[in-house]
Amino acid sequence: MPRDRTTTAIRVDGVTFRYEEMTMRFDLKIAEGDFVMVLGPSGAGKSTLLSLIAGFDRPLDGTITLMGQEMTGVAPADRPVTTLFQEGNLFPHLTVAQNVGLGIHPGLKLNKNQHAQVSQALDQMGLAGLETRLPRALSGGERQRVALARSLVRNRPILLLDEPFAALDPGRRREMTDLVSDLAPERGLTVMMVSHQLEEVRDRSMRALFIHDGQVVADGAINDLVSSPTSSELRSYLGH
Amino acid sequence: MANSDVALATARSKSGAIGGLLPGGLVIGLLAGLVAVSVVGLLLAASERTGRSIWTDPYLWAVLRFTILQASLSALISVALAIPVARALARRPDFFGRSLLVRILGVPMVLPTIVGVLGMVILLGRNGWLNQGLEGLGFSGQINVYGLSGILIAHVFFNMPFATRLLLSGWTTIPSEHWRLASQFGFNSGQIFRLIEWPMIREVAPGIAGVIFLLCFTSFAIVLTLGGGPPNATLEVAIYQALRFDFDLQRLLALALLQVVICAGVMAMLTFWARPVATDMALHAIHDRPDRVRVLARAVDGFWLALGALIVLAPLAALGSRFVTGPIFKVLSEEAVWAAAVRSLAVGLTAGCISVVLGWGLLSTARWLAVRRGKLWAARALETTASLSLVTPPLMLGAGLFLVLRTFTDPFALGLIIVVVVNAMMGLPFAVRILNPPMAQVARRYDRLVQGLGMNPIDRFRLVDWPLLRRPLALALGLTVALSFGDFGVIALFGTGQTETLPMVLYQRIGTYRIGEAAVVGGLLIGLCITVFAIIDRGVGGRATR
C-alpha cells in the first residue's frame, strides 16, 4: 500500500465493536496536527474509541488507518500512538527516570545518550532533579507529567489522552491541559483527549466529537456545539 | 513506518496469540498427559487378569461405606464444634491472647499430617497420656485410639480449627446494622443466634462441611496409621493396599474410579450450590452486641474457647514433651535420618518449584484470556482445572506411573521422581490460589501499559512481574515446598531403604512403637519445615519491593 500523502492522521472507517449489550460503530477522520476533544456521558464509548485506535481492543469489523498505514493486526506498541491513562501510567517500583526510559527501550537498556534524552524530557516537563524518585513520592500532577515525558521520548505522532487529568484538582487540571495544548503544535502531535469538563478548554474554537451510545452524534467546534447543539442527547448532556 | 515493518508487526501480533495461549496450553497438556498415562497404565495392567467381576466384591463396598461414614462424621463433628468456638471468638473481639489463639488455630492447617498423627498417638495411644491418666485414677479399661474413633479425633484436630477460621470470617460478613438493631431492640443471646447468626451459618456451613468432607474422604496418612485394620480403610488407603500388598489392579482401578466419581460429584455440588467460602480470612472486630456482658455468656464463651484451644494444643503439647524427653542425640546421629531429610528437602524443593512454575504458566494464560481477549469464562475454566488434581487420587496417579515405568525400568529406582511429579500436581491448586489474586491485579493495572510499551515477555517478567509479585511467589513456593516436604502419601508406595523420606521414617517409627524416636523425627521435620519456609520467604520474597 503506497503511503497516503493526504494529511489525515487518524481515519476510522466503519469500525464496530461490542461491549456487553452495546454495539458501537465509529466513522471519523482527524487531520495531522489537530487537537480534538472527545466528549460524552460515561459509558458512551469514549475510552473504547481510544482503545480501538491504540490497538488494545480489536474491531469486529472496519479499518483503522493511522498516518496512512492500515493498522489491522498491528500490536499496540508498533502503532504510531502513545496513550496516557487516567491512572497506572507508571510502575510503582521503578524510578521516575526508569519509567521514562521504558519509552526508549522497553527492556531499559539505555546508552549514555539516551539517559541524557530522559533527563532532557523530564527537564522539559519541569521535573528536573526528580530522576531517582519513586512515583509514590510525587504528586498526582507530577506523576502524569512523568508519563507525558515518556510520551515525548517515545516520539509517536499521535497522542491519546484518556482522562489522564480527571483525578487532579481543577487548577492542576487546567495547567496540564494547557501544557499539552502548547506541546502539541511544538511537536507536531495529533491529539485526541477524552474529557468530562468543557471548562478546562482554553481555545473554544477547538474541534470536539460528542459521543453517545457508541456513536459520534455531533462533530464541530466547541463554540458551535455549545451555542447551537444539533442533537437532543447533546442538549441534555450540556444541561440545556 | 515502512510496509515491511507493518508486515513484521502483523506477524508479531499473530505470534502474540500463540505466546498468550502457550504456557497454559502446555500446563494443561502436561496434566492431561500425566493423568492419561497413569490411567492407561492401570487399564493395560488390569486387563492382564480378567474374568472376575470386581463390582460384586463386598470388600469394595465395605470400604466405600466406611469412607463415606467417617468423612461425613468428621465433617459434621468439626463444623458442629467450630460453630460455638467461632461464635465465642466473634463475641469476644478483645480478650487477652485472642490473636494468639487465632494463630494457634492456624497451626493444624500447615502441620504435616503424619506429625499430627504422632501427636494423637502420644496423647491417646495405648501408653498415651490419657490411658496413663485413667490408670492413675484407678480405671482399668483402656481407651483404644485405633479405629473409627481415632480417625474422627484426628480429623477433628485437623479440620475443626480450619472450620472455625472460615466461620469466623462468615461472622464478619454480617452487616453492622444488624448488631445495632439487636442492641436497639434488646435481643437476648438466643434471639441473636436465631435471627442474625443462624441465617449466616446456614449459608456458609454447608460449603465448609463439603470441603472438610472432601479432605477426609481422601484422607490417607491418618487412616493408614490410626485405622487399625483392614475393614477401616478409605478408598485411598485401599488403593495403597491393593497395590502394595495384594497387587490387585482391578480392585485398584475400581477404587480409583469410585473416588474420582464421588469427589467430582461433591466438587460439582460445592461449585454450583454452596456459597463460595470466604478465603480472605479477614478477622475484623465485630460491632458491639448486647449479649456480651452477661455472666452466663462469659462462662459459655470461656468454655468453648478453652475447648477449642485444648483440641489443638493437647496433641502439640504431647508431641513437644515427648520430643524434649526423647532420644534426641541418638536419632540425630543416625545417618539414615539425615539421608532421609536430604531426600525430603530435594523432593520438596523440586515439587514446590514445579507447582509454582505450572501455576504461573496456567495463570499467565488465564490472565491473557481475561484481560487481552475478554474471555472471562475461559479464564475461570483454566483456573478451575488446577483444582482437578484434588479429585484425582494421588495414589492412583502414583500407581499408574509405577505400572507404566515397570515396563521400562525398575520403578522403585524412580520412586522419588514419581513422588515429585505427584506432589507437584497436588501442590498446584495451592500455588494457583495464592498467585491468582495478585497476578490478576497486576494484569488489570499494568497490562495495557506493558502492551503499549511493547515489552517482550522476558523484560516484562524482569521489570514488572518479578518486582511486583515476588512476595506472593515466595509464599506460594514456601507453602508448596513445605507441603511436599512433610507429605506422607505416594511415598508410602515406594519408600524402601534408598528412597525413604523423613515422613516415611516417622511413619515407620510410629508403626514399630518407637514413639520417643518418632517424636524426635517429628521435631526435626517441623524444624526443617519452618526453616525452609523462612529461608524462601526471605530469599525469594525479599524485604519489600524497594
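Residues numbered from 1 in each chain as written. Chains lettered and ligands numbered in written order. Predicted model: local features only at pLDDT ≥ 70, side-chain atom pairs only at ≥ 80, totals over all residues.

1. Quick word on the overall build of chain B
Looking only at helices and strands, chain B features 21 helices and 0 strands. Viewed in the frame of its principal axes, chain B has a C-alpha envelope of about 95 × 70 × 50 Å. Put simply, chain B has 546 residues, and 46% of those count as buried. (Helix = DSSP H or I, 4+ residues; strand = E, 2+ residues; numbered from the N terminus. Buried ≥ 20, exposed ≤ 12 C-beta atoms within 10 Å, placed from the backbone.)

2. Focus on the overall build of chain A
For chain A, the helix and strand inventory stands at 7 helices and 10 strands. Relative to a compact globule of 240 residues, whose C-alpha radius of gyration would be 18 Å, chain A shows 18 Å and is just as compact. Oriented by its inertia axes, the alpha-carbon framework of chain A measures out at about 55 × 45 × 35 Å. By the burial criterion, 41% of the 240 residues in chain A qualify as buried. (Rg over C-alpha atoms; globule rule 2.2 N^0.38 Å.)

3. Focus: the sheet that holds strand β2 (residues 22-31) of chain A
Residue and element names in this part refer to chain A. The 4 strands lie next to each other as β2-β1-β4-β5, forming an open sheet whose pairing is antiparallel. Bordering the open sheet on either side are β2 and β5 (69-70), each of which pairs with just one other strand. Two strands pair when backbone bridges link them, and strand β1 (residues 8-19) and β2 are joined in this way by 9 bridges, in the antiparallel orientation. Directly across from F17, in β2, lies its bridge partner M24. The strands that helix α1 (residues 46-54) touches are β1, β2 and β4 (61-66); relative to β1, the one it contacts most, it runs at about 115 degrees. (Pairing = 2+ DSSP bridges. Contact = placed C-beta atoms within 7 Å. Axes fitted to C-alpha atoms, helices over the stretch in contact; angles between N-to-C directions.)

4. A look at the packing of helix α14 (residues 335-373) of chain B against helix α15 (residues 376-385) of chain B
Residues and elements named next belong to chain B. Across the interface, α14 lies against α15 with an axial gap of 7 Å and an inter-helix angle of 165 degrees. What the angle tells us is that α14 and α15 run roughly antiparallel. Where α14 crosses over α15, the handedness of that crossing is left-handed. Contacts from L362, T365, A366, L369 and A370 in α14 reach L376, A378, A379, L382 and E383 in α15. A class-by-class count of the residues in the contact of α14 with α15 yields 8 nonpolar, 1 polar and 1 charged. (Parallel < 35°, antiparallel > 145°, perpendicular 65-115°, else oblique. Left-handed = near helix turned anticlockwise from the far one by under 90°. Nonpolar A, V, L, I, M, F, W, Y, C, P; charged D, E, K, R; others polar.)

5. Points about the pairing of strand β7 (residues 158-162) of chain A
As a general feature of sheets, a regular strand has side chains that alternate between the two faces. All names here are of chain A. Where burial is concerned, most of β7 is hidden: 5 out of the 5 residues are buried. Of the two faces of β7, both are covered, the one formed by I158, L160 and D162 as well as the one formed by L159 and L161. Where strand β6 (residues 81-84) and β7 come together, 4 bridges link them in parallel fashion. Paired with L84 across the strands is L161, a residue of β7.

6. Topic: the pairing of strand β9 (residues 207-212) of chain A
Residues and elements named next belong to chain A. The buried count for β9 comes to 5 of 6 residues, which makes it a mostly enclosed element. The pairing of strand β3 (residues 35-39) with β9 spans 4 bridges and is parallel. For V36, the partnering residue across the bridge sits in β9 and is R207. Of the pairings in the sheet, the one linking β9 to strand β10 (residues 215-221) comprises 6 bridges and is antiparallel in character. Of the residues in β10, the one forming a bridge with L209 is D219. Taking the residues that link successive antiparallel strands as the turn, the β9-β10 hairpin has 2 residues, and the phi of D213 there is positive, at about 55 degrees.

7. Focus on the sheet that holds β7 of chain A
Residues and elements named next belong to chain A. With respect to topology, 6 strands assemble into an open sheet ordered β6-β7-β8-β3-β9-β10, the strand pairing being mixed. Pairing within the sheet leaves two strands with one partner each, and these edge strands are β6 and β10. Taking each pair of neighbouring strands and ignoring which way they run, the sheet shows an average axis angle of 20 degrees. When β7 meets strand β8 (residues 190-194), the two strands line up parallel, connected through 5 bridges. Within β8, the position partnered with L161 by the bridge is M193. Against the sheet, α1 engages β3, β6, β7, β8 and β9, with an angle of about 150 degrees to β7.

8. Concerning helix α10 (residues 235-246) of chain B
Residues and elements named next belong to chain B. Turning to α10, its buried residues number three or more, namely L235, E236, V237, A238, I239, Y240, A242 and L243. Those residues of α10 hidden inside the fold are in contact with α2 (58-91), α9 (221-226), α11 (249-272), α16 (394-406) and α19 (491-494). Looking one or two places after α10, you find F247, whose phi comes out positive at around 45 degrees.

9. Here we look at the nonpolar core
Within soluble globular proteins, side chains that are nonpolar tend to cluster in buried spots. In terms of nonpolar packing, the biggest core is built from 154 residues, with L118 and I239 of chain B touching the most fellow members. The element contributing the most residues to this core is helix α17 (residues 415-453) of chain B, with 17 residues. If near-sequence neighbours (up to four positions away) are discounted, I239 of chain B is found in contact with L252, L255, A256, P393, L395, M396 and A399 of chain B. Counting residues in each nonpolar core, the second largest holds 69 residues, with V15, V81, L127 and V180 of chain A among its members. (Core = buried A, V, L, I, M, F, W, Y, C linked by C-beta atoms within 7 Å.)

10. With respect to unusual backbone geometry
Positive phi outside glycine occurs at L108 of chain A, with the angle close to 60 degrees. The residue L108 of chain A is located in the loop between α2 (96-101) and α3 (112-124) in this model.

11. Thoughts on the confidence of the model for chain A
Taken residue by residue, chain A gives an average pLDDT of 89. The fraction at 70 or more is 97%. Here residues 1-5 of chain A scores under 50 on pLDDT; set against residues more than four positions off or in separate chains, the count is 4 contacts. (pLDDT = per-residue confidence, 0-100.)

12. Some remarks on the environment of W198 of chain B
All names here are of chain B. Mapping W198 onto the fold places it in helix α8 (residues 189-217). A residue is classified by how many C-beta atoms lie within 10 Å of it, and W198, with 13 of them, is partly exposed. Residues W198 and I83, 115 residues apart in the sequence, show an inter-C-alpha distance of 9.9 Å.

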